Amino acid sequence: MKEKLYLTDSEVIMNFDLSYPETKSNLIKSAEFQSVVHQFLRKLQRKDKKLYAWACPDGNEDAAVENISKTARELLVFDIDEVDSSLIRNRETALEFVERLYDYWRTLERYSVTTNRRGDAESTAFVSNDSAFNHLIINTFRRIEQTLMGRPNKVFRQQNAGTNASLACYRHDSFRLSDRYAVLKNVLFIDSVMMRTPMILHPKSNKREWPFEEVAVNPVTTFEGNPDIYFCFPAKVGTLTIFIYFHRDFMSNGVSCANLFEIATQEEASRKPDCILIFGNRDNKDKCTFYHDTAEDLWVGSVSYSDKISYFGYMKKTVLTLHNVAMMQRGRLPIHGAFVNITLENDKKKGICLMGDSGAGKSETIEALKNLGSDKIKDIEIVFDDMGSFQIRDGRVYAQGTETGAFVRLDDLDPGTPYRDMNRSIFFNPDQSNARVITPAAPYSVITDLHPVDLFVYANNYDDMTGMRRIEDIEEAKEIFIRGRRMAKGTTQETGFSETYFANPFGPMQQQEICRGIIDEVFRCLADTGVFVGEVYTRLGRDPEDRAGIQTSAQDLLDFIENN
């Protein structure tokens, strides 16, 4: 990033390598501060013409910004009676302007970027620098506010006034891909992320619409190749490494990955990745695509630049699609569902997996199980909350996860759950339908370990039945899972009754022939080892407000754990 400041109508990225204000006066004098004031004035011109006319009486915004900056610097030093400025003849209006400007600044998504040019990128110096900037913003505002009021504040609110998040980045000197990917070589890699949580974001889109398509042309050939406007989040997705290259206009998506995936170390990122994703690719295609570079044994994904992809689901699901196709290539079976290890007070432990597409009731059933068995369950270990994989080892089926966090609908959780973890969480449009939260869920060592599968059930949200049933005929069970039927709740582009191959539109649906062979092998092993395979009835698609089905299913799950 070559600019000192990158400013849009919704976000600001500050390059602390090139500009780092250390005093209140330097902050107010900076061109970066004046750029923000300019943008605020343009907003006032549209929304509040009266306040705009006060700040810019002759329509000369350059002169107005200079006058605002000069007056603000004087208010930092002198008492109100010693300041000679037309802007403070009406102190109430001046105070309103300052408070509105401060509020406007805080409505922007604010990020800082630092590289090892300001010290060791692997140290925590970038956190200290960002925290000092946060204090500088608060203290500058308070000093000006108190001078205008003519008295000190009595109530102090320690808000996130500086940034929402800060990135420590580095230049990747050990790029292990061929010249075919040379356009990616000079993109900054993220080493560390500092987030001020709870972090509340308001993306322009709140739902995923585009399907995922396998293509015959490598998406890297359509990449514009400007390293100054992209960043790379090197993600450890399960046992795979995926380089996520994202356009800076989607910084919130890239930063949010830190709550969902482990960040690869510089040493780990120096090895060849298993997959790469170009997110915010200006290819004018409005598509989510993936491609297999067989020559380099590399899966390449691309998501076209659009306001729609500000919804975090686009980044998460494309990453998981790449993970899934890479896993199928290794003979692993991708599972769209939730897997938890339940340990009872008597130390009995079972690994249970609920499979189903979005809205099937997986998370709700496990949440109900937690509450129902609160006096019997000693520990619940989350292995995956959305996507994982099965593999056969020594004649038994084992599960592995992909994410260290969980990206879930707020409506799917017990009302108190988001608040228990809110100090570590990222919220997306909490005031809208399909509101989401990302919260840490499991250590990386847990999701990459091998966990025995004791129960594998399909989350049926459409039949008018309750509880759980075991399916003795493995071929019948297999066809239910493969059909992937559900009643869509409107969390994606789908509505009403739908079917998706193996309830997984993120790889298995696109590569059914490859997936079918792995399904046959895994289900045969499940049958041979006596694993409980069947259906759990949630009824959630019939009536989202009816939780009776969820409660009955949770009770049957608890009974299984206790009695087997």
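Please refer to the structure higher up on the page.
These remarks concern the structure in this document. (Residues numbered from 1 in each chain as written. Predicted model: local features only at pLDDT ≥ 70, side-chain atom pairs only at ≥ 80, totals over all residues. Heavy atoms only, no water.)

Of regular secondary structure, the protein possesses 15 helices and 27 strands. Expected size for 564 residues packed as a compact globule is a radius of gyration near 24 Å; at 26 Å, the protein falls within 12% of this value. C-alpha extents for the protein along the principal axes are approximately 90 × 55 × 40 Å. Within the span of the protein, comprising 564 residues, buried residues form 60% of the whole. Within the protein, contacts between residues at least 6 apart in sequence are counted, and of these 76% link residues at least 24 apart. Summing over all exposed atoms, the protein offers an accessible surface of approximately 22,900 Å²; the carbon and sulfur share of this is 44%. For the protein, the separation between the mean place of its 69 positive charges and that of its 83 negative charges on side chains is 3 Å. (Helix = DSSP H or I, 4+ residues; strand = E, 2+ residues; numbered from the N terminus. Rg over C-alpha atoms; globule rule 2.2 N^0.38 Å. Buried < 20%, exposed > 50% of the residue type's maximum accessible area, 1.4 Å probe, protein only. Contact = heavy atoms within 4.5 Å. Areas by Shrake-Rupley, 256 points an atom, 1.4 Å probe, with all protein chains shown as cover. Lys, Arg positive; Asp, Glu negative; His and termini not counted. Charge placed at Lys NZ, Arg CZ, Asp CG, Glu CD.)

Before going further, it helps to spend a moment on the pairing of strand S21 (residues 436-440). With four of five residues buried, S21 is to be regarded as a mostly interior element. Where strand S19 (residues 405-409) and S21 come together, five bridges link them in antiparallel fashion. Of the residues in S21, the one forming a bridge with Arg409 is Arg436. As paired elements, strand S20 (residues 426-428) and S21 share three bridges and run antiparallel to each other. For Phe428, the partnering residue across the bridge sits in S21 and is Arg436. (Pairing = 2+ DSSP bridges.)

One pass over the full model with this rule turns up four cavities of 30 Å³ or more. Put simply, the largest cavity is a space of about 560 Å³. Every residue lining the largest cavity is counted, 33 residues in all, and those nearest its centre are Leu27, Ile28, Phe33, Val37 and Leu101. Those elements giving two or more residues to the lining of the largest cavity turn out to be strand S2 (11-15), helix H1 (24-29), helix H2 (31-47), helix H4 (61-77), helix H5 (91-107) and helix H6 (125-149). For the lining of the largest cavity, the residue count by class is 26 nonpolar, five polar and two charged. (1 Å grid on protein atoms, 1.4 Å probe; cavity = no way out; pocket = protein on both sides within 12 Å on 5 of 7 lines; lining within 4 Å. Points joined across faces, edges and corners; volume = space filled by probe spheres on them. Nonpolar A, V, L, I, M, F, W, Y, C, P; charged D, E, K, R; others polar.)

Pairing between the strands of a sheet is mediated by backbone hydrogen bonds and can be parallel or antiparallel. Overall, mixed pairing links the four strands, which are arranged S6-S20-S21-S19 in an open sheet. If you trace the sheet from one side to the other, it starts and ends with strand S6 (199-201) and S19, each paired once. Averaged over neighbouring strand pairs, the angle between their axes works out to 20 degrees when direction is ignored. (Axes fitted to C-alpha atoms, helices over the stretch in contact; angles between N-to-C directions.)

This next bit is on the pairing of strand S12 (residues 288-293). A large share of S12 lies buried, amounting to six of its six residues. Side chains Cys288, Phe290 and His292 of S12 all project onto a buried face; the interleaved residues Thr289, Tyr291 and Asp293 project onto the opposite face, where all are buried too. Sheet analysis places strand S7 (residues 212-214) next to S12, joined by three bridges and oriented parallel. The partner of Phe212 across the bridge, within S12, is Cys288. Alignment of S12 against strand S13 (residues 298-304), held across six bridges, turns out to be antiparallel. Each bridged residue has a counterpart across the sheet, and for His292 the counterpart in S13 is Trp299. Here S12 folds back onto S13, and the loop between the two strands holds four residues, one of which, Asp297, carries a positive phi near 50 degrees.

A separate point is H5. With 17 residues, H5 extends 24 Å between its outermost C-alpha atoms, agreeing within 8% with the 24 Å of an ideal straight helix rising 1.5 Å per residue. For H5, the full list of buried residues reads Thr93, Ala94, Leu95, Phe97, Val98, Leu101, Tyr102, Tyr104 and Trp105. Elements that come into contact with the buried residues of H5 comprise S2, H2, helix H3 (49-55), H4, strand S3 (109-115) and H6. Taking the backbone nitrogen of Glu92 as reference, a side-chain oxygen 3.2 Å away marks Asn90 as the first, capping residue of H5. (Expected span 1.5 Å × (residues − 1). Polar contact = N/O pair within 3.5 Å; in protein donor to acceptor, adjacent residues only side chain to side chain.)

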